[in-house]
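# Summary of the model geometry
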Amino acid sequence: MPMPTILIDAPTIHERIRAMAAEIEREYPSGDEIHLVAVLKGGFMFLADLVRGMSADVTMDFMALSSYGKGTTSSGQVRVLKDLDSSLESRHVIIVEDIVDTGLTLHYLQDILRARAPKSLRTACLLSKPSRRQVDVHVDYIGFTIEDRFVVGYGLDYAEKYRNLPYIAVLEGE
Ligand code: 5GP
């Protein structure tokens, strides 16, 4: 199995997510509830740290989309594997996603969630690879911008492994 090499260490990730949580809270009227929609499986760890940095009223829901399968390249095909449990109507919704790469997944997700009439819809991504973008997708909060490398850890997998790493890593020999 290839060896993971640290690209972004755990303290750096935690500090950045704390700052993102504070920034998000500042931008919503106080007293308003924020509904976070995390994209499984990759978004679970980012969501967990993000919500622990927030003191506003927060609710959460989860969605699963088809992704790359076991390979590392985008097929451009997106399917809803698990839908949300509750309605988004008249709620402040933030999509919480691990990484925006070609942007195809997020573009599709934003379209289908916008059609559910939320009061507002924003997007937070831990990582962005702008050099890989195929569609122009708007992301309101970005944790880190990275080069075109395949990364694992902190929720991100390679063939379902490495999600548990507390840091972002690249795979040597990949
Ligand atoms: P996009 O549709 O923007 O190309 O891809 C988004 C999805 O592809 C992410 O949610 C993630 O599941 C996967 N992905 C994109 N780049 C990487 C990467 O560097 N590492 C891993 N593990 N997954 C990635």
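As shown above, the structure is provided for reference.
A brief look at the structure comes next.

The rules behind the values
- Residue positions within a chain follow its written sequence, with the count starting from 1.
- Per-residue local features are limited, in this predicted model, to residues with pLDDT of at least 70; the limit for side-chain atom pairs, both in listing and counting, is 80 or more; totals at the level of whole chains, interfaces and linings are taken over all residues.
- Only hydrogens and water are set aside; all other atoms, that is, all heavy atoms of the structure, feed into the side-chain values.
- Whether a residue is near a molecule or strand depends on its heavy atoms: if one lies within 4 Å, it is near.
- Under the rule applied, a polar contact is a pair of N or O atoms within 3.5 Å (in protein, one hydrogen donor and one hydrogen acceptor; residues adjacent in sequence only if both atoms are side-chain atoms).
- Where accessible areas are quoted, they stem from the Shrake-Rupley method and a 1.4 Å probe; at the residue level, only the protein chains shown are allowed to cover.
- Secondary structure elements are taken from DSSP: a helix is a run of H or I of four residues or more, a strand is a run of E of two residues or more, and numbering for both begins at the N terminus.
- The classification used treats Ala, Val, Leu, Ile, Met, Phe, Trp, Tyr, Cys and Pro as nonpolar, Asp, Glu, Lys and Arg as charged, and all other residues, Gly among them, as polar.
- Each Phe, Tyr or Trp ring (for Trp, its six-membered ring) is paired with any other whose centre lies within 6.5 Å, and the angle between the two planes then decides the class: stacked below 30 degrees, edge-to-face above 60, tilted in between.
- Note on classification: 1.4 Å probe, protein chains only; a residue is buried when its accessible area is under 20% of the maximum for its type, exposed when over 50%, partly exposed between these limits.
- In our convention, an over-ring charge means Lys NZ or Arg CZ found within 6 Å of a ring centre and within 35 degrees of that ring's normal.
- Put simply, buried Ala, Val, Leu, Ile, Met, Phe, Trp, Tyr and Cys residues joined by side-chain atoms within 4.5 Å make one nonpolar core.
- The criterion used for residue contact is that any of the two residues' heavy atoms lie within 4.5 Å.
- The pairing criterion for strands is at least two bridges between them, as found by DSSP.
- Where helices are involved, their axes are fitted lines through C-alpha atoms of the stretch in contact, as for all axes, and angles between N-to-C directions lie from 0 to 180°.

### Looking at the site of the ligand
- Of all residues adjacent to the ligand, which total 16 residues, the nearest are Thr102, Thr105, Lys129, Val151 and Asp157.
- Between the ligand and the protein, one listed contact pairs an oxygen atom with a backbone N or O atom of glycine 103 at 2.8 Å.
- One nitrogen or oxygen atom from the side chain of threonine 105 is found 2.5 Å from an oxygen atom belonging to the ligand.
- Protein contacts shield 93% of the accessible area of the ligand, which totals 510 Å² for the unbound molecule.
- Elements supplying a minimum of two residues to the shell around the ligand: strand 5 (92-100) and helix 3 (104-114).
- Sorting elements by how many residues they give to the shell around the ligand places strand 5 first, with four residues.
- Of the residues contributing to the shell around the ligand, the split by class is seven nonpolar, three polar and six charged.

### Describing the packing of aromatic side chains
- According to the stated counting rule, one finds one aromatic pair in the structure shown.
- Taken together, a centroid distance of 6.0 Å and an interplanar angle of 80° make the contact between phenylalanine 150 and tyrosine 158 edge-to-face.
- Judged by relative accessible area, which is 31%, tyrosine 158 ranks as partly exposed.
- One cation-aromatic arrangement involves arginine 122 over tyrosine 28; the distance from NZ or CZ to the ring centre is 4.9 Å.

### What to know about the nonpolar core
- Ranked by internal contacts, the top residues of the largest apolar core, which has 30 residues, are Phe46, Leu50, Leu127 and Ile168.
- Every element with two or more residues in this core is listed here: helix 1 (10-26), strand 2 (34-40), helix 2 (44-52), strand 5, strand 6 (120-128), strand 7 (141-145) and strand 9 (168-171).
- Not counting chain neighbours up to four residues away, the residues in contact with isoleucine 168 comprise Thr5, Ile6, Leu7, Ile8, Ile13, Leu126, Leu127, Val151, Val152, Gly153, Tyr154 and Leu156.
- Listed in part, the 16 residues of the second largest apolar core include Val78, Val100, Leu113 and Cys125.

### Comments concerning the environment of isoleucine 168
- Summarising the element assignment, isoleucine 168 is placed in strand 9.
- The class for isoleucine 168 is buried, based on a relative accessible area of 0%.
- In this structure, the C-alpha to C-alpha distance between isoleucine 168 and isoleucine 8, residues 160 residues apart in sequence, is 5.1 Å.

### Digging into the sheet that holds strand 1 (residues 4-8)
- A sheet is described by the order of its strands in space; here three strands give the open sequence 1-9-8, paired in antiparallel fashion. Of all strands in the sheet, those bounded by a partner on one side alone are strand 1 and strand 8 (151-152).
- Two strands pair when backbone bridges link them, and strand 1 and strand 9 are joined in this way by four bridges, in the antiparallel orientation. Its bridge partner lying in strand 9, isoleucine 6 is registered against alanine 169.

### Comments concerning unusual backbone geometry
- Lysine 41 follows leucine 40 through a cis peptide bond whose omega is -5°.
- Structurally, lysine 41 is set in the loop between strand 2 and helix 2.
- The phi dihedral of serine 90 is positive, around 60°, even though this residue is not glycine.
- Here serine 90 is to be found in the loop between strand 4 (80-82) and strand 5.
- The phi dihedral of tyrosine 162 falls on the positive side, at around 75°, and the residue is not glycine.
- Of note, tyrosine 162 is situated in the loop between strand 8 and strand 9.
- The exposure class of tyrosine 162 is buried, given its relative accessible area of 9%.

### Let's talk about the sheet that holds strand 3 (residues 58-65)
- Here six strands make up an open sheet; going across it, the order is 4-3-2-5-6-7 and the pairing mixed. Each of the sheet's edge strands pairs with one partner strand only, and the pair in question is strand 4 and strand 7. Put simply, the sheet's adjacent strands are angled 30° from each other on average, direction ignored.
- The pairing of strand 2 with strand 3 spans seven bridges and is classified as parallel. Note that in strand 3 the partner of valine 39 across the bridge is methionine 63.

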